Amino acid sequence: MHNRPGVKERIPYQPRARRLVVTQVDDLSDTIRRIHLGGPELESEFPFIRMGVADHVKVAVPDAAFESSNDSGAGAISPDSIRGAKLALRTYTVRGMDAERHELLLDFVCHPQGGVGNWAQHASAGDHLLVMGPRGNTVYDDGYDAYVVAVDATGLPAAARWLEETPPECHMEIIVLLTGPQAEATVDSELHLGNTNDDRPYVSVRIVTSDSEDFVRHIKRAIDSLPGKGRSLLWAAGEAKQIAAIRSLTAASGTDDGLEVSLHGYWKEGQLGYHEGHGAQARDASTDSGDRAPVQWRSTGKATAGK
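Residues numbered from 1 in each chain as written. Predicted model: local features only at pLDDT ≥ 70, side-chain atom pairs only at ≥ 80, totals over all residues. Heavy atoms only, no water.

## Quick notes on the packing of aromatic side chains
Both the distance between ring centres and the angle between the ring planes are used here to describe each pair of aromatic rings. This is how the line gets drawn: Centres within 6.5 Å are what make two rings of Phe, Tyr or Trp a pair, Trp counting through its six-membered ring; a difference in plane orientation under 30 degrees is then read as stacked, over 60 as edge-to-face, and the rest as tilted. The secondary structure listing takes helices from DSSP runs of H or I that are at least 4 residues long and strands from runs of E that are at least 2 residues long, numbered from the N terminus. Residue exposure (1.4 Å probe, protein chains only): buried if accessible area is under 20% of the type maximum, exposed if over 50%, otherwise partly exposed. Whether a charge lies above a ring is judged from NZ of Lys or CZ of Arg, which has to be within 6 Å of the ring centre and within 35 degrees of the ring normal.
In the structure shown here, the tally under the stated rule is seven aromatic pairs. Considering the side-chain rings of W162 and W235, the 5.9 Å spacing of their centres and the 55 degrees angle between planes classify their relative orientation as tilted. With W162 in helix α4 (residues 156–165) and W235 in strand β12 (residues 232–239), this residue pair connects regions lying 73 residues apart in the sequence. One exposure class covers both W162 and W235, and it is buried. Cluster of aromatic residues (ring-pair linked, three or more members): Y140, Y144, Y147, W162 and W235. In this arrangement the basic side chain of R231 is found over the ring face of Y144, its NZ or CZ atom lying 4.0 Å from the centre.

Structure below.
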C-alpha cells in the first residue's frame, strides 16, 4: 500500500508532448463536452490503466505562432517547445481511452473565460490540441468496503471512473454539486445512471443543486452512515474553498471512525490555472455501527434503501 490514503501504488511514466486531432465531439450537457482526440502522435502505450481514476494531463491550445514554428510534418513536438511558447496550460482528468479507435477521451466544462474552456465550447473535428503527460499512474485501492465520492462538475470524470472501475459489491455514495437547469441530465450522461442500477445495487447518487454548505452537509451525512465494519474512503475533488471546508469537517469529526480521506483542489474561484495538487489525511478505525442496506439508483439524488 502506498503511504497516501487511498493510493495503492504509483507507476512513473516518461512524460510526452503530442499534437492531437479532434476526431469527435459529444455534448453531454449544455456545459460539458466529451472530446475524442487521436492522430499519429498518440502513442499506443499511452498509460491508461484501471483505478488510475484521477490521472491527468496538461493541455494547451496551439496559437498561430506555435503552429507556424512547429510544422505538423516535422515530427513529434517536445514539452519544452510547449513551455517555450508560453501557452496557457490547464489540467484535465483522463476520462478514458477508446482502444478500438485509438482515441484519448477528455471531458471539458465549457465557459467563455480561459483559452481551453472557450476552445472546447467551439471545438470541432480537425482542430488541434496539445497534450502533455501524464507523468505516471496513481493507482487507487479498489479494496475498500465503502466509498464516498464528492465532486463538482470538474470532478465528474473522476467520479465516473470510480463508479466504473470499483468492484460491484462495494458500497458507494456519490455526491455531486452542480447547478443549472441541466444538472440532473449532466450527471445522468456522465455516470450512465440508467444503465447501472442492476450492476451496482449498493450505490447511491445525490445531486446537490443549492450551495457549498449544503454540499458539505450531505458529505457529513454520508460519512455518518458509513458501515462500521471494514475500510472506508472519502475522496473529494472540486473548488479549493469547498475542499477546505471538507477538510475542516473531517478534522472536526474525530479520528475513531475508520475513514481515510483524500482531498483534491482542482480549481479556485477567480484564479485561472490554479492546481492545488493532492491533499490527504487518514483516520483510524471505529466502533461497529452496522452494515448499510443496498441502495437503489435515483437520478433525483434521493437514495432509497433496497428491499
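Continuing now.
## A look at the pattern of salt bridges
Put simply, the rule reads: For this document, the term salt bridge refers to a Lys or Arg side-chain nitrogen within 4 Å of an Asp or Glu carboxyl oxygen.
This structure, assessed with the given rule, holds 17 salt bridges. Residues joined by salt bridges that share partners form a network here, namely R34, R95, D107, E164 and E190.

## Remarks on the nonpolar core
As a reminder, the rule being used: Nonpolar cores are built from buried Ala, Val, Leu, Ile, Met, Phe, Trp, Tyr and Cys residues. Side-chain atoms within 4.5 Å join them into one set. The contact rule is simple, with two residues in contact once any of their heavy atoms fall within 4.5 Å.
The biggest cluster of nonpolar side chains holds 35 residues, and the ones touching the most others in it are V149, W162, I174, L191 and W235. Where this core is concerned, the elements lending two or more residues are β8 (136–140), β9 (146–151), α4, β10 (171–177), α5 (183–191), β11 (203–208) and β12. With six residues, the top contributor of residues to this core is α4. Beyond its immediate sequence surroundings of up to four residues, I174 is in contact with V149, A159, L163, L191, S204, V205 and R206.

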